[in-house]
Amino acid sequence: MIISLSTPLDMHLHLREGAMLRLVAPFSAAQFAGAVIMPNLVPPVDNADRLARYRAEIEAATAPYPFLPLMTLFFRPYDAATLQGLRDQIFAVKLYPEGVTTNSAGGVRDLTTIEPTLALMEALGIPLLVHGESHGFVLDREAEFLPVYERWARTFPRLRIVMEHITTAAALDLLERYPNLFATVTLHHLLITLDDVAGGLLQPHLFCKPIAKRPSDRDALLAAALRGHPKLMFGSDSAPHPIDRKEAAFCAAGVFSAPVLLPMLVELFERHDALDNLPAFVGGNACRIHGLTPPPRTVQLIAESWQVPARYGDVVPFAAGQTLRWRLVE
Ligand SMILES: NC(=O)N[C@@H](CC(=O)O)C(=O)O
Ligand SMILES: [Zn+2]
Ligand SMILES: [Zn+2]
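Residues numbered from 1 in each chain as written. Chains lettered and ligands numbered in written order. Predicted model: local features only at pLDDT ≥ 70, side-chain atom pairs only at ≥ 80, totals over all residues.

1. Section: the overall build of the protein chain
To keep it simple, the criterion reads: Under the scheme used here, helices are H or I runs from DSSP no shorter than 4 residues and strands are E runs no shorter than 2 residues, and both carry numbers assigned from the N terminus. Only C-alpha atoms enter the radius of gyration; for comparison, a globular chain is expected to reach 2.2 Å times N to the power 0.38, where N is the number of residues. Residues are called buried when their C-beta atom has 20 or more other C-beta atoms within 10 Å, exposed when it has 12 or fewer, and partly exposed otherwise; all C-beta atoms are positioned from the backbone.
Of the regular secondary structure elements, the protein chain holds twelve helices and 13 strands. Relative to the globule expectation of 20 Å for 330 residues, the C-alpha radius of gyration of the protein chain, 18 Å, shows essentially globular dimensions. C-alpha atoms of the protein chain, sized along the principal axes, occupy 50 × 40 × 40 Å. Burial statistics for the protein chain: of 330 residues in total, 44% are counted as buried.

2. Some details on the UniProt feature "binding site: Zn(2+) 2" (unreviewed entry) in the protein chain
This is how the line gets drawn: UniProt positions are given in the numbering used here, feature names are shortened, and annotations may be inferred rather than shown by experiment. Note on contacts: residues are paired as contacts if their backbone-placed C-beta atoms lie within 7 Å.
The sites that carry the UniProt feature "binding site: Zn(2+) 2" (unreviewed entry) are, in the present numbering, K94, H131 and H165. Spatially, the listed residues are clustered: although they cover 72 residues, their C-alpha atoms lie within 12.6 Å of one another. Along the polypeptide, K94 turns up in strand β5 (residues 92–95). Classification of K94 by C-beta neighbours within 10 Å gives buried; the count is 27. Residues contacting K94, with those up to four places away along its chain left out, are M38, P39, T72, F74, F75 and L129. As for its position among the elements, H165 is in the loop between β7 (161–163) and α6 (169–175). When near neighbours in sequence (up to four residues on either side) are disregarded, H165 contacts H12, T184, V185, T186, H189, P210, G235 and D237.

3. Here we look at the nonpolar core
What counts is decided by this rule: To define a nonpolar core, we join buried Ala, Val, Leu, Ile, Met, Phe, Trp, Tyr and Cys residues through C-beta atoms within 7 Å and take the resulting set.
Counting residues in hydrophobic clusters, the biggest one holds 83 residues, and the most contacted among them are V93, L128, I161 and L265. Not counting residues within four places of it along the chain, the set of residues in contact with V93 comprises T72, L73, F75, M121, I126 and L128.

4. Digging into the sheet that holds strand β10 (residues 298–302)
Put simply, the rule reads: Whether two strands pair comes down to DSSP finding at least two bridges between them. Fitted lines through C-alpha atoms serve as axes, helices being fitted only where they are in contact, and the angles separating the N-to-C directions of these axes extend from 0 to 180 degrees.
On the basis of which strands lie adjacent, the open sheet formed by three strands has the order β1-β10-β13 and antiparallel pairing. On the outer flanks of this sheet lie β1 (2–6) and β13 (327–328), each paired with one strand and no other. Set on the sheet, helix α11 (residues 261–271) makes contact with β1, β10 and β13; between it and β10 the angle comes to about 65 degrees.

5. So, the pairing of β5
Here is the rule we go by: Orient the strands so they point away from the viewer; a crossover is then right-handed if the path from the first strand over the helix to the second runs clockwise.
What you see with β5 is no split at all: A92 and K94 on one side and V93 and L95 on the other are buried throughout. Here strand β4 (residues 68–74) runs beside β5; their pairing, made up of three bridges, is parallel. Bridge assignment links F74 to a residue of β5, and that residue is K94. Read as a crossover between parallel neighbours, the route from β4 over helix α3 (residues 80–86) to β5 is right-handed. Taken together, the three bridges between β5 and strand β6 (residues 128–130) define a ladder with parallel strand orientation. Residue pairing in the sheet places K94 in a bridge with L129 of β6. Read from β5 through helix α4 (residues 115–124) to β6, the crossover connection turns out right-handed.

Here it is in structure tokens:
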């Protein structure tokens, strides 16, 4: 049995640079027609020259797959001339509050100071992608950020705002209240809760920001994804770190899910008898919301089981060692 997906997209992806990029990028390029590429490199992708060189590096690493990198710019308090000059080279601007996640040291310290740049983005039609967490208690960080989304959604009604990698039922509820608010959700946040991370022996390969939450949150996110919620888009947040940064004191945050994404999404939607809604979740909604027209591409999966390797190079993947029911047809 074969399942065909038309032009699947991953709306939140970390490809890193150099040898890590060359190791991980082919997994995404084999499965997806395109992906939104996160700019949290060291130093961040925050100027035209770095953008162009990073895009070229991605294109080299993903050839010969027809893979569209949707580039993002690391949020700075850009002025009008800078944003106008960069607008045609980017899909969106990605905002990190200072210090909330991996490589966000150059993020925004005072969120009340950046409204002039948000107004410019609204005028230029540039979407705002946000890692929305406060500096509060770890389980409350996403909830505490929701009023910030509300303020921006009200102040800038034509600014398209994407709440990245949401992990709570409360974030989902907010989608219903503001027409210009959208969200991405990862595969792992549809499957795991905090118990999987820290309820038994500590599982560093499931440690990420935002941290996985309660069963009720996971169930609400899964239900929304399975029904193809029109404002919810798949974004893997696949975020590889070398094994010595994960199996260590001060374990880095990030789950490397790229190699298993479509096989596990198909299995999940099949198990819940929701395969009809998978195309909307993995690209259809994103194309409609953002007006994207990536080069059409068909990706096929076959019902043939395989075991996820323990490692790819020096990176441990999500679901390592598990047997999956669907395999990508290469
Ligand atoms: N999600 C993570 O835990 N880590 C991401 C950064 C991010 O998306 O917040 C990374 O770059 O490693
Ligand atoms: Zn993030
Ligand atoms: Zn991310």
